[in-house]
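Read off the chains here:
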Amino acid sequence: MGRVRALVMTMLVVSAPSLGAETMRIAVGAEAAKVTVEGPGLSSGADSDDAAFVPTAGASHVLTLTNQRVVLDGAALETDAVRFRAADNGTVTVAGSRVRGDVVVMKGRTGLQVVNVLSLEDYLTGVLGSEMPTSFPIEALKAQAVAARTYALNKKLEQYGQPFHLGSSVLSQVYKGLDAEDEHTREAVEATRGLVLTWMLQPIEAYFHSSCGGRTESGLEALGRDLPYLQAVDCPCGSLPTSHWTLKLGATELKALGAAKGASVQVPGRSPTGRARRVSVGSRVVDAVTFRERVGYMKLKSLSFEVSKAKDGVVLEGKGFGHGAGLCQWGARVFAEKGWDYRRILAHYYPGTELQTLY
Ligand SMILES: [Zn+2]
């Protein structure tokens with residue numbers, strides 16, 4: 001325990017007194033040509049946790065990137081980044097989101113990048129409501145809170161010293177700011193404050209997904225991460241109607257995938273859990289992940305499917321939603337309804353890991 005704290009704490013950035021013990025830097029949206037920052041009693045300063053903040057004139061500011069200089073309300077700045085803070089821990093509205101903590105607007109590659117700097121616990125409260133239905137049982141929400149905290153810390157260590165640690169889209173963890181919070185997400189985050197999952201005294205790569213369809217996938221098969229705590233385990237979500245789906249791919253869609261008229265779709269290679277490794281479309285064989293990307297991640301919900309011929313195309317009958325590695329959210333819900341607490345749920349999906357209190 002002591003070693004984990006020492007290791008992680010020495011690697012993490014010195015904390016901001018006004019933002020809490022542990023901060024995250026989250027990229028909000030993609031780079032933009034123009035950014036508007038709004039909030040009550042805004043002050044601004046350098047992009048540093050202990051910067052001196054000076055009150056700004058007005059409650060709304062427009063920033064642009066002109067001749068490679070950051071321009072604030074028409075005046076070019078001497079620096080490549082400026083940080084805003086609202087009075088009395090108020091919220092700042094930027095790029096359509098209300099967020100807690102500070103907002104940094106910085107010069108990016110081709111435009112302005114917005115980065116939200118906030119305490120890890122506030123970040124998690126927003127992530128939780130974006131990643132899992134807030135109506136799920138509290139023990140499932142707590143399990144998700146620990147997984148999301150661990151995932152975030154792991155990314156922070158990996159991205160140490162970079163302008164930001166994580167994005168806010170489905171590619172990292174979905175973060176919709178203050179508007180995704182509610183009393184359940186706050187309760188789940190507070191009840192697990194500072195708790196992280198570790199393996200050999202290091203925060204783990206705590207992947208999670210919506211539903212696995214009955215058996216999770218190994219980290220190696222799903223994401224190319226061969227980790228001892230990311231092994232395939234049984235899951236009760238397979239019996240839920242929501243875990244099952246059907247997708248018809250008609251002639252037009254098959255043609256868009258490069259198939260000749262009348263070509264069939266087959267699965268020549270599967271992982272030990274039955275998920276597709278390779279998919280053939282006519283005479284062309286592609287990696288299954290590439291196939292899912294081409295069809296669309298939201299349309300082809302997982303790689304666990306069977307193919308049958310249909311009139312004018314094929315029908316895929318599948319199970320689960322997501323890559324299938326780590327915590328299964330719908331499975332966590334079933335376990336919580338059966339009376340499992342979050343510790344038992346986490347031990348099931350990340351076997352061999354230990355829960356440690358980091359702060
Ligand atoms: Zn599952």
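Residues numbered from 1 in each chain as written. Predicted model: local features only at pLDDT ≥ 70, side-chain atom pairs only at ≥ 80, totals over all residues. Heavy atoms only, no water.

## A closer look at the domain arrangement of the chain
By domain assignment, the chain separates into domain 1 (21–120), domain 2 (122–235 + 324–357) and domain 3 (239–319). With 11 residues of domain 2 in contact, the opposing surface of domain 3 contributes 9 residues. Together domain 2 and domain 3 conceal approximately 820 Å² of surface at their shared face, both sides included; 52% is due to carbon and sulfur atoms. The largest per-residue losses of area from domain 2 upon contact with domain 3 belong to Gly 213, Glu 217 and Glu 221, which jointly make up 51% of the total buried on that side. The tally of links from domain 2 across to domain 3 stands at 1 salt bridge. Notably, a salt bridge pairs Arg 277 with Glu 221, separated by 2.4 Å at the nearest N-O pair. Across the contact surface, domain 2 and domain 3 share 5 residue pairs in polar contact (both at pLDDT 80 or more). When grouped by side-chain class, the residues that make up the side of domain 2 that touches domain 3 number 4 nonpolar, 4 polar and 3 charged. (Domains from an automatic or database assignment. Contact = heavy atoms within 4.5 Å. Buried area = accessible area lost by both parts, 1.4 Å probe. Salt bridge = Lys/Arg side-chain N within 4 Å of Asp/Glu carboxyl O. Polar contact = N/O pair within 3.5 Å; in protein donor to acceptor, adjacent residues only side chain to side chain. Nonpolar A, V, L, I, M, F, W, Y, C, P; charged D, E, K, R; others polar.)

## Regarding the side chain of Thr 192
Mapped onto the secondary structure, Thr 192 falls in the loop between α4 (183–191) and β13 (195–199). Residue Thr 192 is classed as buried on the basis of its relative accessible area, which comes to 0%. Beyond its immediate stretch of four places on either side in the chain, Thr 192 contacts Lys 142, Ala 145, Val 146, Arg 149 and Tyr 342. (Helix = DSSP H or I, 4+ residues; strand = E, 2+ residues; numbered from the N terminus. Buried < 20%, exposed > 50% of the residue type's maximum accessible area, 1.4 Å probe, protein only.)

## Some points on the sheet that holds strand β19 (residues 284–287)
With antiparallel pairing, the 3 strands of this open sheet are ordered in space as β17-β18-β19. Among the strands making up the open sheet, the edge pair consists of β17 (265–270) and β19. Neighbouring strand axes in the sheet, compared pairwise and without regard to direction, differ in orientation by 30° on average. In this sheet, strand β18 (residues 276–281) lies alongside β17 in antiparallel orientation, the contact comprising 4 bridges. The partner of Arg 270 across the bridge, within β18, is Ala 276. Seen against the sheet, helix α7 (residues 288–295) touches β17, β18 and β19 and runs at an angle of roughly 95° to β19. (Pairing = 2+ DSSP bridges. Axes fitted to C-alpha atoms, helices over the stretch in contact; angles between N-to-C directions.)

## Some details on the packing of aromatic side chains
Per the counting criterion, the structure on display carries 7 aromatic pairs. Relative to Trp 330, the ring of Phe 136 lies with its centre 5.0 Å away and its plane at 75°, an arrangement referred to as edge-to-face. Placement of Phe 136 in the loop between α2 (120–131) and α3 (138–158) and of Trp 330 in helix α8 (residues 329–337) is noted, with a sequence separation of 194 residues between them. By relative accessible area, Phe 136 is classed as buried at 4%. A relative accessible area of 21% places Trp 330 in the partly exposed class. A cation over a ring is seen here: Arg 85 above Phe 53, with NZ or CZ 4.3 Å from the ring centre. A cation over an aromatic ring shows up here: Lys 301 above the ring of Phe 321, its NZ or CZ 5.1 Å from the ring centre. (Phe/Tyr/Trp six-rings, centres within 6.5 Å; stacked < 30°, edge-to-face > 60°. Lys NZ or Arg CZ within 6 Å of the ring centre and 35° of its normal.)

## Some points on the coordination of the zinc ion
The protein atoms donating to the zinc ion are Cys 212 (SG), Cys 235 (SG), Cys 237 (SG) and Cys 328 (SG), with metal-donor distances spanning 2.2 to 2.4 Å. One can describe the donor arrangement at the zinc ion as tetrahedral, given that its 4 donor atoms subtend angles of 102 to 120° at the metal. (Donors = N, O, S within 2.8 Å, 3.2 Å for Na, K, Ca; no water. Tetrahedral: all angles 85-135°; square planar, octahedral: opposite > 155°, others 65-115°.)

## Things to note about the nonpolar core
In this structure, Val 37, Tyr 123 and Tyr 350 are the most contacted members of the largest nonpolar core, which totals 69 residues. When residues in this core are grouped by element, the largest group, 10 residues, is from α3. Taken domain by domain, this core gets at least three of its residues from each of domain 1 (21–120) and domain 2 (122–235 + 324–357). Apart from the residues lying within four places of it in its own chain, the contact partners of Tyr 350 are Ala 147, Leu 197, Ile 204, Ala 206, Tyr 207, Phe 208, Tyr 229, Leu 230, Gly 326 and Leu 327. Membership of the second largest hydrophobic core comes to 21 residues, among which are Trp 245, Ala 263, Val 281 and Val 314. (Core = buried A, V, L, I, M, F, W, Y, C linked by side-chain atoms within 4.5 Å.)

## A closer look at unusual backbone geometry
Phi at Asn 67 takes a positive value of approximately 50°, unusual for a residue other than glycine. Relative to the helices and strands, Asn 67 is located in the loop between β5 (60–66) and β6 (69–72). Judged by relative accessible area, Asn 67 falls into the exposed class, the value being 72%. Unlike most non-glycine residues, Gln 68 shows phi in positive territory, near 65°.

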